[in-house]
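So you can see what is in the structure, the chains are spelled out below.
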Amino acid sequence: MIEWNEIVRLIASWSVYLIYLAVIVSTIWVVVLENRNPVKTIAWVLVLVFLPVIGLVFYIFFGRTHRRDQIISRRSYSKLLRRPEEEYLSQTDYVVPAAYEGLISLFQRSNHAFPYANNSTEIFIDGSAWINTLLQELQQAQDHIHLQSYIFADDEVGGRVRDVLTAKARQGVAVRVIYDDVGSWKTPNAFFDVMMEAGIEVRSFLKVGFPLFTNKANYRNHRKLIIIDGHTGFIGGMNIADRYVKGVSWGIWRDTHLMIKGKAVHGLQTAFLLDWYFTDGTLLTAAHYFPMVGAMGKSIIQVVTSSPVQPGQEIVMGLMKAINNARKYFYIQTPYFLPTEAILNALQTAAMSGVDVRLMVPEKSDTKMTHWGSRSYVADVLKFGVKVYFYRKGFLHSKLMVSDDQLTTIGSTNMDFRSFEHNFEANAFIYDEHVAIEARDLFLADQKECRQVTLKQWEKRPRRNRVLESFIRLMSPLL
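Residues numbered from 1 in each chain as written. Predicted model: local features only at pLDDT ≥ 70, side-chain atom pairs only at ≥ 80, totals over all residues. Heavy atoms only, no water.

## Some words on the packing of helix 5 (residues 101–111) against helix 12 (residues 314–325)
Each pair of packed helices can be described by the angle between their axes along with the distance between the axes.
Move 1: Taken N-terminus to C-terminus, the directions of helix 5 and helix 12 make an angle of 170°; their axes are 10 Å apart at the nearest point. By the criterion of interaxial angle, the relationship of helix 5 to helix 12 is roughly antiparallel. Where helix 5 abuts helix 12, its residues G102, L103, L106, F107, S110 and N111 lie against E314, M317, G318, K321 and A322.
Move 2: Residue composition of the contact of helix 5 with helix 12, by class: five nonpolar, four polar and two charged. (Axes fitted to C-alpha atoms, helices over the stretch in contact; angles between N-to-C directions. Helix = DSSP H or I, 4+ residues; strand = E, 2+ residues; numbered from the N terminus. Parallel < 35°, antiparallel > 145°, perpendicular 65-115°, else oblique. Contact = heavy atoms within 4.5 Å. Nonpolar A, V, L, I, M, F, W, Y, C, P; charged D, E, K, R; others polar.)

## Details of the packing of aromatic side chains
Move 1: According to the stated counting rule, one finds 20 aromatic pairs in the structure shown.
Move 2: Between Y179 and F192, the aromatic rings sit 3.9 Å apart at their centres with planes inclined by 5°, giving stacked as the arrangement. One end of the pair, Y179, is in strand 3 (residues 174–180); the other, F192, is in helix 8 (residues 189–197), and 13 residues separate them in sequence. An identical accessibility class is assigned to Y179 and F192; each is buried.
Move 3: One aromatic cluster is present, formed by Y244, W250, W253, Y336 and F395 through successive ring pairs.
Move 4: Here the basic side chain of R176 rests over the ring of W276, its NZ or CZ set 5.9 Å away from the ring centre.
Move 5: The positively charged end of R375 is found above the aromatic ring belonging to F390, 4.0 Å away from the centroid. (Phe/Tyr/Trp six-rings, centres within 6.5 Å; stacked < 30°, edge-to-face > 60°. Buried < 20%, exposed > 50% of the residue type's maximum accessible area, 1.4 Å probe, protein only. Lys NZ or Arg CZ within 6 Å of the ring centre and 35° of its normal.)

## Structural notes on helix 6 (residues 127–139)
Move 1: When the terminal C-alpha atoms of helix 6 are compared, their 18 Å separation across 13 residues agrees well with the 18 Å that a helix rising 1.5 Å per residue should span.
Move 2: What helix 6 keeps buried is the set G127, W130, I131, T133, L134, L135, E137 and L138.
Move 3: The N-cap of helix 6, judged by a side-chain oxygen 3.2 Å from the amide nitrogen of S128 a few residues on, is D126. (Expected span 1.5 Å × (residues − 1). Polar contact = N/O pair within 3.5 Å; in protein donor to acceptor, adjacent residues only side chain to side chain.)

## Let's talk about the environment of G183
Move 1: In this structure, G183 sits in the loop between strand 3 and helix 8.
Move 2: Using a relative accessible area of 17% as the deciding quantity, one classes G183 as buried.

## With respect to the pairing of strand 5 (residues 225–228)
Move 1: Both faces of strand 5 are covered, namely the face carrying L225 and I227 and the face carrying I226 and I228.
Move 2: Strand direction decides the pairing type here: strand 2 (residues 144–149) and strand 5, joined by four bridges, are antiparallel. Looking across to strand 5, one finds that H146 is bridged to I227.
Move 3: Alignment of strand 5 against strand 6 (residues 232–236), held across four bridges, turns out to be antiparallel. Bridge assignment links I226 to a residue of strand 6, and that residue is F234.
Move 4: With antiparallel pairing between neighbouring strands as the criterion, strand 5 and strand 6 make up a hairpin whose turn holds three residues, including D229 at a positive phi of roughly 55°. (Pairing = 2+ DSSP bridges.)

## Looking at the pattern of salt bridges
Move 1: Under the criterion given, the structure shown has 20 salt bridges.
Move 2: Salt-bridge contacts for E86 lead to R82; the nearest nitrogen and oxygen are separated by 3.5 Å. Here E86 pairs with R82, and both are found in helix 4 (residues 74–89), just four residues apart, close to one helical turn.
Move 3: A relative accessible area of 38% places R82 in the partly exposed class.
Move 4: Through salt bridges that share partners, R176, E201, R203 and D280 make up one connected network. (Salt bridge = Lys/Arg side-chain N within 4 Å of Asp/Glu carboxyl O.)

## Observations concerning the nonpolar core
Move 1: Membership of the largest hydrophobic core comes to 49 residues, with the highest contact counts inside it found for I235, L258 and I260.
Move 2: Counting residues per element, this core draws most heavily on helix 11 (residues 265–280), at eight residues.
Move 3: If near-sequence neighbours (up to four positions away) are discounted, L258 is found in contact with T121, E122, I123, G233, F234, I235, I410, A428 and I430.
Move 4: Core analysis: the next-biggest nonpolar cluster, separate from the first, contains 45 residues, A117, V316, F337 and V357 among them. (Core = buried A, V, L, I, M, F, W, Y, C linked by side-chain atoms within 4.5 Å.)

## A closer look at the packing of helix 4 against helix 11
Move 1: Running from N to C, helix 4 and helix 11 cross one another at 170°; their axes reach a closest spacing of 10 Å. Relative to helix 11, helix 4 is oriented roughly antiparallel. Residues Y77, L80, L81, P84 and E87 of helix 4 touch helix 11, and the partners they reach there are H266, T270, L273 and L274.

## Thoughts on the side chain of Q91
Move 1: Summarising the element assignment, Q91 is placed in the loop between helix 4 and helix 5.
Move 2: On the basis of relative accessibility, which here comes to 8%, the residue Q91 falls in the buried class.
Move 3: For Q91, the side chain forms a polar contact with the main-chain oxygen of P115, separated by 3.0 Å.
Move 4: Not counting residues up to four positions away in its chain, the partners in contact with Q91 are P115, Y116, A117 and K263.

The analysis is restricted to geometry; functional conclusions fall outside its scope.
As structure tokens, this is what we get:
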């Protein structure tokens, strides 16, 4: 007697298997045809082959390319750039450092990042000092406040900032806020409702929600920008949350943030207004957003942005050129070290050329995957003479680089694939000897809180660590 039920069951089981196999194969085919970076393509193929169920879900949510070829028309972009460009062209009393003419030209040509002279700067490495200074500057606002943060938390620090913003809005100051929907996922809508009720314009960047989640989760706005009345601004690695003041369970939260006063704030303003257009659809170009600013200091500063919707990887290209330009030293602080092949080769080449290249990363990280992925690259730089330091006092979240007592960059960009290829990032590049020496001294002070790792020591680490690092490294382009 024929067991029809069993036959139907087998047919159904094989049908599901074949359909699933077809989905996996077609997904791999799509990945290959996208002509991505070969390293990233291979990583996706390996994930889909060896972790088919998890890999497919991961690709659907985070792997699909969703880039807008043009988020703003050339005409609108030119209109936005008109006033900051006029301010740049009106400068006559500054001299570009000869060693960095090429770097400055690169940023100006690729990113419309104008070099502004006569700025003052203040570097913050303590969260409490930064928040207190920020609140003081916000309270002095007369015309407008533009605030953009990856994380805007509903906690003590977030509440203090929100209270000042709402108070200023009620006084008639125009306040606009952009927060990243994924970065601020834990912040309830009611927190932002209080601001909107006070007249603050609040926008979430690429709001995530089913079924559109898969189109937007991979591209996040990681920038931290604050502009006050067009003449005072902040940029760096600190978000608006308690952890930047209170630290973590294993120590302090060591970060770096920068306050700028002067014409370079026009660069911060341009970046914010472009993102405002992206989220709100409104192009703001009024003159009072770009006021005339006199000499505030001696620093020449470029504000450089990068994003997945821009044609090139401007910050990556700039870092490569800066590393290649280094003649004496190049010091790096980054919470995550998952470099592209080009950046890795630049660091190796510089070290082999006699440049004192130093890399500082946290001993303990806030995410295990990136922690082990970062560790997989340590031997690659140690073998070429790069000095590696593990910061032990807490979590090192600083994104600071300094070179040759001349160049300093502070911003939101981590040295990893996600920052380089997927996130919206912003960095200030400062051409000033005094700022560079200050940044160098901060690095050397942090170095005293570190454990230096030698190649001989590193090769003695447990075998299980090596295996885990190697496995995670295969997925490093996807982290």
